[in-house]
Amino acid sequence: MDLKTLTYLAVGASFALYIGIAIWSRARNTGDFYIAGKGVSPVANGMATAADWMSAASFISMAGLIAFLGYDGSVYLMGWTGGYVLLALFLAPYLRKFGKFTVPEFIAERYYSRTARIVAVICLIVVSFTYVAGQMRGVGIVFSRFLEVDLVVGLVVGMGVVFFYAVLGGMKGITYTQVAQYCVLIFAYTVPAIFISLQITGNPLPQVAFGADIEGSGVGLLQKLDDIVTSLGFNQYTSGTKSRIDVFCITMALMVGTAGLPHVIVRFFTVPKVRDARKSAGYALLFIAVLYTTAPAVGAMARYNLIQTVQPGEIGAPDGNLLYSERPEWMKTWERTGLVTYNDRNGDSRVQYYNDRNTDFTSQAESYGWQGNELSVDRDIMVLANPEIANLPDWVIALVAAGGIAAALSTAAGLLLVISAAVSHDLVKGIFVPSISEKQELLAGRIAAAFAILVAGYLGFDPPGWVAQVVAFAFGLAAASLFPAIMLGIFVKRANKQGAIAGMLTGLLFTYGYIEYFKGLFLKWAGAPWGEDVAGSWLFGISPEGIGVIGMLLNFTVALTVSHLTAPPPERIQHLVESIRVPRAG
Amino acid sequence: MKPEQRAAYWRANLRILAACMAIWFVVSYGFGILLVEQLNRITIGGFPLGFWFAQQGSIYVFVLLIFFYAWRMNRVDQKYDVHED
């Protein structure tokens, strides 16, 4: 069987499974639709949270980013896992005790205010749409490569599938589908990683192979990688180029953002008990860690394999580089998508891959007869191309396609559900038409989900930046707006309505404005970005990816100051806070 | 539940929380970012140590921390008789 047939089979079989589960577990009431009737076991919930969490950015982009960034890529690894500690310790048990459907609902009751609820809905929608735009690009990349269809067609197919099970199944359907998706995606991620680890080091465990010796050479993989990348003018793999403060801030923004993402928080509303909420966060992180500790190994090995392919001989020797006419099959297929490009600058028909932006390396490169880097590889393709680069069997490649699609779809579905709940439960029922029946509310939720899918699909055609970076912005926004409001609501009794609203707005507007100014997000039509996105013009040297931390600090400061200057919250709110702090209120 | 007891329960929770957060900070921001260069001079299992903390070690510690907190809090819940069922 050829690769295309195998891919259709793998993707088709996994889709059939998801849709089957969606039908079997479809939502019958609003409780099922929003929080799966609070009947999900902590292990299943942990697995579903992991699938929901690990998006196209984790599955497709992250290892590729790390492959090219080296140590600097650690911000994503620590940032997207460390946030679960915050979530488990600061939010999950209390929100479960509070026991409602949505994040804005908590904000509304804790801050006894409809305005606060509307502000929270706005924050939630901005965050979720920014995030979903990144997911849809991920879906597009996977389909355009593996099903050999146009990006537009791929997106429409993906939107259709998400629509089917998010709209029909609600949270209940999504939760069980996501358990299946976790299994597919983790299998698809680790199988090629194990193969590649075996090939390079002879050790099957990627987490160990990552530091092991390259088979037959007696030199460690990381040592060797450091040597070859520096002799090609790149920065050392195990040390970074980003400034210390920027690494610190990006990591922090991603961690706090993780804990503030509504589609993750709402997961902990679905378990039966407070005790389960604490434990469930641990299971979620455990399942996530399987992929997150494999990814840096995959990244390092992908970088090593790529360089070995292009530079099979000695660096600088006339015949040390790959002849373009002898390039491997994977390079040809990816050239067709335009994500790998070759430009023979020095006319020697060979491929030179090095860092031509390193001015210290220029004279060295010239002495080799190199006139610029000739190969550009889009970092988003590294994980997808990895099995091909390592010459793995076709069924592994097909499996990776199914895994990538599972990752993108599960996250998109989770996000769409949160958006639809915010619209139907918080806006329609909570604010505009409180008298609506449960059936009508369910319908409103489904219509909102359908509408959200259309907008997300549209955003997927032209999102700014790489998948992982777009996603990073959503985290900055979540860190700066929702997390402080929820945390203060639990830990500071004195926090009141005025403080929360002022804080959320300050954090959101500051962070959004900064990102729009330097990167351009939704205002591209009006001429954004306006600022030059270089370290020299950033505030305190903090990049747009890390600015959410400053937004968060502003939020905390404004919220606490305003709270202390205005009247304290009413007596009943103080009691509410007391009661959510203990698992079983006496 | 009496207010004093409630306050004592909350203080116990905050103490455990603070200890966990300190470890959380040290393994990631401490070992993985602020002290990375110093630790990279030590190599263990083929990894420069700071790099290992940034890309592997901190994640393992995070997982353990959450389970530790859940286990510890369950015991505190029992002690103050606020556990579920």
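**A short note on the overall build of chain A**
In terms of helices and strands, chain A carries 22 helices and four strands. The C-alpha atoms of chain A give 24 Å as radius of gyration, which agrees with the globular expectation for 586 residues (25 Å, within 12%). Seen through its C-alpha atoms, chain A measures out along the principal axes to roughly 80 × 55 × 45 Å. Taken over 586 residues, chain A has a buried fraction of 59%. Here the analysis covers contacts within chain A between residues at least 6 apart in sequence; of these, 81% occur between residues at least 24 apart.

**Here we look at the overall build of chain B**
In terms of helices and strands, chain B carries three helices and two strands. Taking 2.2 N^0.38 as the reference for a compact globule, 85 residues should give roughly 12 Å; the C-alpha atoms of chain B span a radius of gyration of 18 Å, well beyond that estimate. With the C-alpha coordinates of chain B rotated into their principal frame, the extents come out at 55 × 25 × 15 Å. Every one of the 85 residues in chain B was classed for burial, and the buried ones make up 39%. Counting contacts in chain B only where the partners sit at least 6 residues apart, residues at least 24 apart contribute 51% of the total.

**Some remarks on the interface of chain A and chain B**
In this assembly, 42 residues from chain A lie in contact with 35 residues from chain B. Residue assignment for the side of chain A that touches chain B shows that the elements contributing at least two residues are α5 (74–98), α10 (221–231), α11 (244–260), α13 (274–310) and α22 (571–581) of chain A. Per-element accounting of the side of chain A that touches chain B gives the leading share, twelve residues, to α13(A). Of the residues belonging to the side of chain A that touches chain B, the class tally is 21 nonpolar, twelve polar and nine charged.

**Some thoughts on the nonpolar core**
The tendency in soluble globular proteins is for nonpolar side chains to be buried as a group. Counting residues in hydrophobic clusters, the biggest one holds 221 residues, and the most contacted among them are A:Ala120, A:Leu185, A:Leu416 and B:Ile66. With 21 residues, the single largest contributor to this core is helix α17 (residues 394–432) of chain A. Once you skip the residues sitting within four places of it in the chain, B:Ile66 turns out to touch A:Tyr84, A:Val85, A:Ala88, A:Ala281, A:Gly282 and A:Leu285.

**A look at the environment of A:Leu427**
Residues and elements named next belong to chain A. With respect to the helices and strands, Leu-427 occurs in helix α17. What makes Leu-427 partly exposed here is the crowd of 18 C-beta atoms within 10 Å. Between the C-alpha atom of Leu-427 and that of Arg-114, which follows or precedes it by 313 residues, the distance is 9.8 Å. Non-local contacts of Leu-427, meaning those with residues more than four positions away in its chain, are made with Val-121, Ala-422 and Phe-432.

**Focus: α11(A)**
For α11(A), spanning 17 residues, the distance from its first C-alpha to its last is 24 Å, which sits close to the expected 24 Å at 1.5 Å a residue. Most of α11(A) sits inside the fold, with 14 of its 17 residues counted as buried.

**So, unusual backbone geometry**
Of note in the backbone geometry, A:Ser349 takes a positive phi value of approximately 60° without being a glycine. Along the chain, A:Ser349 turns up in the loop between β2 (340–342) and β3 (350–351). Here B:Asp81, not a glycine, exhibits a phi torsion of approximately 55°, which is positive. Examined against the element boundaries, B:Asp81 turns out to sit in the segment after α3 (49–79). Here B:Asp81 falls in the exposed class, since 11 other C-beta atoms lie within 10 Å of it.

**Describing the packing of α5(A) against α13(A)**
Describing two packed helices takes the angle between their axes plus the distance from one axis to the other. Residues and elements named next belong to chain A. At a minimum axis distance of 9 Å, the contact between α5 and α13 shows a crossing angle of 170°. Between α5 and α13, the crossing angle belongs to the class labelled roughly antiparallel. Facing α5, whose interface residues are Leu-77, Trp-80, Thr-81, Tyr-84, Leu-87, Ala-88, Ala-92, Pro-93, Arg-96 and Lys-97, α13 presents Val-274, Ala-277, Arg-278, Ala-281, Gly-282, Ala-284, Leu-285, Ile-288, Ala-289, Tyr-292, Ala-295 and Pro-296.

**Looking at the packing of α13(A) against helix α16 (residues 382–389) of chain A**
Residue and element names in this part refer to chain A. Between α13 and α16, the least distance of the axes is 10 Å, while the angle of their chain directions is 55°. Taken as axis vectors, α13 and α16 run oblique relative to one another. For the pair α13 and α16, the crossing hand works out as left-handed. Between α13 and α16, the residues in contact are Val-298, Ala-302, Asn-305, Leu-306 and Thr-309 and Met-382, Val-383, Asn-386 and Ile-389, respectively. When grouped by side-chain class, the residues that make up the contact of α13 with α16 number six nonpolar, three polar and no charged.

**Observations regarding the confidence of the model for chain B**
Confidence in the prediction of chain B, expressed as mean pLDDT, is 89, and 100% of residues score 70 or more. Overall fold confidence for the complex sits at a pTM of 0.88, while the interface term, ipTM, reaches 0.94.

**Details of the environment of B:Gly46**
When you line up the elements, B:Gly46 lands in the loop between β1 (43–44) and β2 (47–48). Look at B:Gly46 and you get partly exposed, because 18 C-beta atoms sit within 10 Å. Each residue touching B:Gly46, except ones within four places of it in the same chain, is listed here: A:Gly211, A:Ala212, A:Asp213, A:Gly220, A:Leu221 and A:Leu222.

**Points about α17(A)**
Taking 1.5 Å per residue as the helical rise, α17(A) with its 39 residues ought to reach 57 Å, and the 54 Å between its terminal C-alpha atoms agrees with that figure. In terms of residue burial, α17(A) counts as a mostly covered element, since 32 of its 39 residues are buried.

**Considerations on the environment of B:Cys20**
Note on placement: B:Cys20 falls in helix α1 (residues 3–34). Looking at B:Cys20, the number of C-beta atoms within 10 Å reads 18, which means it is partly exposed. With 37 residues separating them along the chain, B:Cys20 and B:Gly57 place their C-alpha atoms 16 Å apart. Among all residues touching B:Cys20, those that are not within four sequence positions of it are A:Leu89, B:Leu65 and B:Tyr69.

**A closer look at the confidence of the model for chain A**
Looking at chain A, pLDDT values average 82 and 90% of them are 70 or higher. Looking over chain A, one finds the lowest element-wise mean pLDDT in helix α2 (residues 30–35) of chain A, namely 60, and the highest in helix α21 (residues 548–565) of chain A, namely 93.

Analysis parameters
- Residues numbered from 1 in each chain as written.
- Chains lettered and ligands numbered in written order.
- Predicted model: local features only at pLDDT ≥ 70, side-chain atom pairs only at ≥ 80, totals over all residues.
- Helix = DSSP H or I, 4+ residues; strand = E, 2+ residues; numbered from the N terminus.
- Rg over C-alpha atoms; globule rule 2.2 N^0.38 Å.
- Buried ≥ 20, exposed ≤ 12 C-beta atoms within 10 Å, placed from the backbone.
- Contact = placed C-beta atoms within 7 Å.
- Nonpolar A, V, L, I, M, F, W, Y, C, P; charged D, E, K, R; others polar.
- Core = buried A, V, L, I, M, F, W, Y, C linked by C-beta atoms within 7 Å.
- Expected span 1.5 Å × (residues − 1).
- Axes fitted to C-alpha atoms, helices over the stretch in contact; angles between N-to-C directions.
- Parallel < 35°, antiparallel > 145°, perpendicular 65-115°, else oblique.
- Left-handed = near helix turned anticlockwise from the far one by under 90°.
- pLDDT = per-residue confidence, 0-100.

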